[in-house]
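# Structural characterization, general
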Amino acid sequence: MEIGIFSFGETSPEGGHGPTPTAAERIQRLVGEAELAEKVGLDVFGVGEHHRSDYAVSAPAMVLAAVAARTERIRLTSTVTVLSSEDPVRVFQQFATLDALSNGRAEITAGRGSFIESFPLFGHDLNDYHTLFAEKLDLLLKLRENGPITWSGEHRAALVEQEVYPRPVQDPLPVWIAVGGTPASVVRAGALGLPLAIAIIGGMPERFVPLTDLYRRAAREAGFDPNTLPVSINSHGFLADTRQRAIDIAYPAFEQTMSKIGRERGWPPTTRQQFEAGTSLRGASVIGSPDDVIEKILFQHKLFGHQRFLLQLTVGTIAHDDVLNAIELLGTVVAPAVRKELAERTQVVVT
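### So, the overall build of the chain
- Within the chain, the secondary structure is distributed over eleven helices and twelve strands.
- The C-alpha atoms of the chain give a radius of gyration of 20 Å, which matches the 20 Å a tight globule of 351 residues would have.
- In terms of its C-alpha atoms, the chain occupies a principal-axis envelope of roughly 60 × 55 × 40 Å.
- Every one of the 351 residues in the chain was classed for burial, and the buried ones make up 53%.
- Restricting to contacts in the chain with at least 6 residues of sequence separation, those with at least 24 account for 73%.
- As displayed, the chain has an accessible area near 14,900 Å², and 54% of this comes from carbon and sulfur atoms.
- On the chain, the mean spot of the 33 positive side-chain charges and the mean spot of the 42 negative ones are 3 Å from each other.

Below, the structure is given as structure tokens:
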């Protein structure tokens, strides 16, 4: 299993109530976190796209390019690229360039996004929310093909025998589809033969099992072998030396961030009781000691049989030293234990 981390580069008050880092400080910390992630043996580093004052990353490819220049092995992905409000040609060019800088480590994770600020910012109508994504995904996939491109759609100027450069090192440039729980989205990913990233940020993980089943069935019906299509489980999380310390560090930042979003969307405030319930084995958040996190990843692997696990560090801004400690624990303790157990399970099955 590939194990990695991702972040949205929050610029909220540190620890929920402390100083607020500048965008420059937060982005520089992210690059350092990525360097450490590679050093301790993690496989994937991702950054997401937002267009709000409380997030520093609006251009994931730029941040990942800085990481590419300071790493050699770790894979670099967006988490996510809000494709609905992007120009697929520019997305392809940016990530093809990143692929060249990183010598073939770039990935695009395309999604519709959980916030809407990018739509008016780039002149799109929210009434076109669904059709924008479908059309732009179609163009993005077309751009991966070699040779001149001819394409037309409703929301972008047509291309006629157009060459698009640079070409990526990887052929094709990997494109994942990110979903939050919509069945139509997982069917689309399966029917197109694209890897699937499922964000589990609330509720019990078991309720997402029908989605992975639906995805694999759609892939099979479209003529793809589901065994060749990886699934990623992406979760909120945090690690510390003990379960209680992890909860105590993560909760204030989580509460500040999620309660702010809740006020915008009409949700009730986040409570400590709800937060701690989510850290249980069958909860959505992967928070605790290394042993807790190992147990939870392995429990979810029995549910999903996934090939990648990405931990969102962090929900809200947490002190940089605490984040670095969490990355070190994930890479040096959790990842080796999970890989060892999954290898032993595979060996038993084969035998």
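Having put the structure on the table, let's press on.
### Remarks on the packing of aromatic side chains
- Within this structure, the stated rule accounts for six aromatic pairs.
- Look at F254 and F275: their rings are 5.0 Å apart centre to centre, the planes differ by 55 degrees, and that puts the pair in the tilted class. Of this pair, F254 sits in helix 8 (residues 243-265) while F275 sits in helix 9 (residues 272-278), and the two are 21 residues apart along the sequence. Take F254 and F275: they sit in the same class, and that class is buried.
- Across from the ring centre of F115, 4.7 Å away, lies the NZ or CZ of R265, which sits over that ring.

### Quick look at the pairing of strand 9 (residues 196-200)
- Taking burial as the measure, the five residues of strand 9 include four buried ones, the bulk of the element.
- Pairing of strand 8 (residues 175-179) with strand 9 involves three bridges; the strand directions are parallel. Bridging across to strand 9, A178 finds its partner in A197.
- Regarding the hand of the β-α-β motif, the stretch spanning strand 8, helix 6 (residues 183-192) and strand 9 is right-handed.
- In this structure, strand 9 lies alongside strand 10 (residues 231-239), joined through five bridges in parallel fashion. When the sheet's bridge partners are listed, I200 is paired in strand 10 with S235.

### Describing the environment of L313
- Among the secondary structure elements, L313 is positioned in the loop between strand 12 (308-312) and helix 11 (320-350).
- Judged by its relative accessible area of 2%, L313 is buried.
- Expressed as a C-alpha distance, the spacing of L313 and Q93, which sit 220 residues apart in the sequence, is 28 Å.
- Each residue touching L313, except ones within four places of it in the same chain, is listed here: I5, F6, S7, G237, F238, A326 and I327.

### Focus on the packing of helix 6 against helix 7 (residues 209-221)
- Contact geometry for helix 6 and helix 7: axes closest at 7 Å, N-to-C directions at 35 degrees. Judged by the twist between their axes, the crossing of helix 6 over helix 7 is right-handed. On helix 7, the residues touching P183, V186, V187, A189, G190 and A191 of helix 6 are L211, L214, Y215, A218 and A219.
- Looking at the contact of helix 6 with helix 7 residue by residue, the classes come out as ten nonpolar, one polar and no charged.

### Section: the nonpolar core
- Ranked by internal contacts, the top residues of the largest apolar core, which has 99 residues, are L42, F45, F238 and I327.
- Look past the residues within four positions of L42 in its chain and what remains in contact with it is I3, G4, I5, A37, R73, I74, I327, L330, G331, A335 and R339.

### Re the pattern of salt bridges
- Within the structure shown, the criterion is met by 21 salt bridges.
- With its nearest N and O atoms 3.5 Å apart, the salt bridge here joins R29 to E14. In this pair, R29 sits in helix 1 (residues 23-39) while E14 sits in the loop between strand 1 (2-7) and helix 1, placing the two residues 15 residues apart along the sequence.
- The partner of R52 in a salt bridge is D54, with the nearest N and O atoms 3.0 Å apart.
- You can call R52 buried: its relative accessible area is 13%.
- Each of R52, D54, E117, K260 and E264 takes part in salt bridges that share partners, so that together they form one network.

### Some words on helix 7
- Given a rise of 1.5 Å per residue, 13 residues ought to cover 18 Å, and the 18 Å separating the end C-alpha atoms of helix 7 matches this to within 8%.
- Taken together, the buried residues of helix 7 touch helix 6, strand 9, strand 10 and helix 10 (290-304).
- At the exit of helix 7 stands G223, carrying a positive phi of roughly 95 degrees.

### Some thoughts on the pairing of strand 12
- The buried fraction of strand 12 amounts to five of the five residues, a majority that puts the element mostly inside the structure.
- Of the two faces of strand 12, the one lined by R308, L310 and Q312 and the one lined by F309 and L311 are each fully buried.
- Judged from the five bridges that link them, strand 1 and strand 12 form a sheet pairing that is parallel. Counterpart to I5 in the pairing with strand 12 is L311.
- In the sheet, strand 10 pairs with strand 12 via five bridges, with the strands oriented parallel. Counted as the bridge partner of I233 is F309 from strand 12.

Parameters and conventions
As a convention, each chain's residues are numbered from 1 in the sequence order in which they are written. Thresholds applied to this predicted model are a pLDDT of at least 70 for local features of residues and 80 or more for the giving and counting of side-chain atom pairs; totals over whole chains, interfaces and linings are not thresholded and use all residues. With hydrogens and water stripped out, all remaining heavy atoms of the structure feed into the side-chain values. Helix and strand assignments follow DSSP, with helices taken as H or I runs no shorter than four residues and strands as E runs no shorter than two, numbered in order from the N terminus. With C-alpha atoms as the basis for the radius of gyration, the globule rule is written as 2.2 Å multiplied by the number of residues raised to the power 0.38. Only protein chains enter the accessibility calculation, which uses a 1.4 Å probe; a residue whose area is less than 20% of its type maximum is buried, one above 50% is exposed, and one in between is partly exposed. Note on contacts: a residue pair is in contact if any heavy atoms of the two residues lie within 4.5 Å. Accessible surface is estimated by sampling points in the Shrake-Rupley manner with a 1.4 Å probe; for residues, cover comes only from the protein chains shown. Counted as positive: Lys and Arg. Counted as negative: Asp and Glu, with His and the chain ends omitted from the count. Think of each charge as sitting on NZ of Lys, CZ of Arg, CG of Asp or CD of Glu. Pairing of aromatic rings covers Phe, Tyr and the six-membered ring of Trp, with a centre-to-centre limit of 6.5 Å; geometry is then stacked below 30 degrees between planes, edge-to-face above 60, and tilted otherwise. Over a ring means this: the NZ of a Lys or the CZ of an Arg is within 6 Å of the ring centre and within 35 degrees of the ring normal. Being paired, for any two strands, means DSSP has found at least two bridges between them. Handedness is read with the strands pointing away from the viewer; a crossover is right-handed when the path from the first strand over the helix to the second is clockwise. A fitted line through C-alpha atoms represents every axis, and for helices the fit uses only the stretch in contact; the resulting angles, taken between N-to-C directions, go from 0 to 180 degrees. For any pair of crossing helices, the crossing counts as left-handed if the nearer helix is rotated counterclockwise from the farther one by less than a right angle, and right-handed if it is rotated clockwise. Residues were grouped as follows: Ala, Val, Leu, Ile, Met, Phe, Trp, Tyr, Cys and Pro as nonpolar; Asp, Glu, Lys and Arg as charged; and all remaining residues, including Gly, as polar. Residues belong to one nonpolar core when they are buried, are Ala, Val, Leu, Ile, Met, Phe, Trp, Tyr or Cys, and are joined through side-chain atoms within 4.5 Å. We define a salt bridge as a contact between a side-chain nitrogen of Lys or Arg and a carboxyl oxygen of Asp or Glu at a distance within 4 Å. For a helix, the expected span equals 1.5 Å multiplied by the residue count minus one.

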